[in-house]
Amino acid sequence: MGVGVERDRCVGAGQCVLAAPGVFDQDEADGLVRVLAESPSAAASDAVRAAVRACPSGALTLR
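To start, this report covers the structure provided alongside it. (Residues numbered from 1 in each chain as written. Predicted model: local features only at pLDDT ≥ 70, side-chain atom pairs only at ≥ 80, totals over all residues. Heavy atoms only, no water.)

Time to look at empty space enclosed by the protein. Per the stated rule, a full pass over the model turns up 1 cavity of 30 Å³ or more. Volume-wise, the largest cavity comes out at about 90 Å³. Considering the residues around the largest cavity, the lining is formed by 14 residues, among which Cys-10, Ala-13, Gly-14, Cys-16 and Cys-55 are closest to the centre. Along the lines of polarity and charge, the residues of the lining of the largest cavity split into 9 nonpolar, 5 polar and no charged. (1 Å grid on protein atoms, 1.4 Å probe; cavity = no way out; pocket = protein on both sides within 12 Å on 5 of 7 lines; lining within 4 Å. Points joined across faces, edges and corners; volume = space filled by probe spheres on them. Nonpolar A, V, L, I, M, F, W, Y, C, P; charged D, E, K, R; others polar.)

Structure, rendered in structure tokens:
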């Protein structure tokens, strides 16, 4: 599983960080999403899927 992000679509809601804090973070400068693990572990797959569903702007994708 891979994680894709379109930072220009991100609105900084932080739902991804709440759902999968080991995979996503927010940039301190602009509050937009940062991907910490582009290929997260299988153990994180449920949390990553939840983060993608929770993203209000649709900035996250699974590959």
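From this point on, the discussion continues.
Relative to the assigned elements, Ser-45 resides in helix α2 (residues 45-54). Since its relative accessible area comes to 15%, Ser-45 is described here as buried. Looking at Ser-45, its side chain comes within polar contact range of the main-chain oxygen of Ala-42, at 2.9 Å. (Helix = DSSP H or I, 4+ residues; strand = E, 2+ residues; numbered from the N terminus. Buried < 20%, exposed > 50% of the residue type's maximum accessible area, 1.4 Å probe, protein only. Polar contact = N/O pair within 3.5 Å; in protein donor to acceptor, adjacent residues only side chain to side chain.)

Turning our eyes to something else, we now look at the environment of Asp-30. Mapped onto the fold, Asp-30 is located in the loop between β2 (24-26) and β3 (33-35). Sequence separation of Asp-30 and Val-11 is 19 residues, and the distance between their C-alpha atoms is 9.9 Å. Reaching out from Asp-30, the side chain makes a polar contact with the side chain of Arg-7 at a distance of 2.8 Å.

This model, assessed by the stated rule, comprises 2 salt bridges. Asp-30 serves as the salt-bridge partner of Arg-7, at 2.8 Å between the closest nitrogen and oxygen. With Arg-7 in the loop between β1 (3-5) and α1 (15-19) and Asp-30 in the loop between β2 and β3, this pair connects stretches of sequence that are 23 residues apart. Residue Arg-7 is classed as partly exposed on the basis of its relative accessible area, which comes to 31%. Residue class for Asp-30 comes out partly exposed when judged on its relative accessible area of 42%. For Arg-34, the salt bridge identified is with Asp-25, shortest N-O distance 3.1 Å. Take Arg-34: its relative accessible area is 35%, and that puts it in the partly exposed class. Using a relative accessible area of 28% as the deciding quantity, one classes Asp-25 as partly exposed. (Salt bridge = Lys/Arg side-chain N within 4 Å of Asp/Glu carboxyl O.)

Interpretation in functional terms is not warranted from these geometric data alone.
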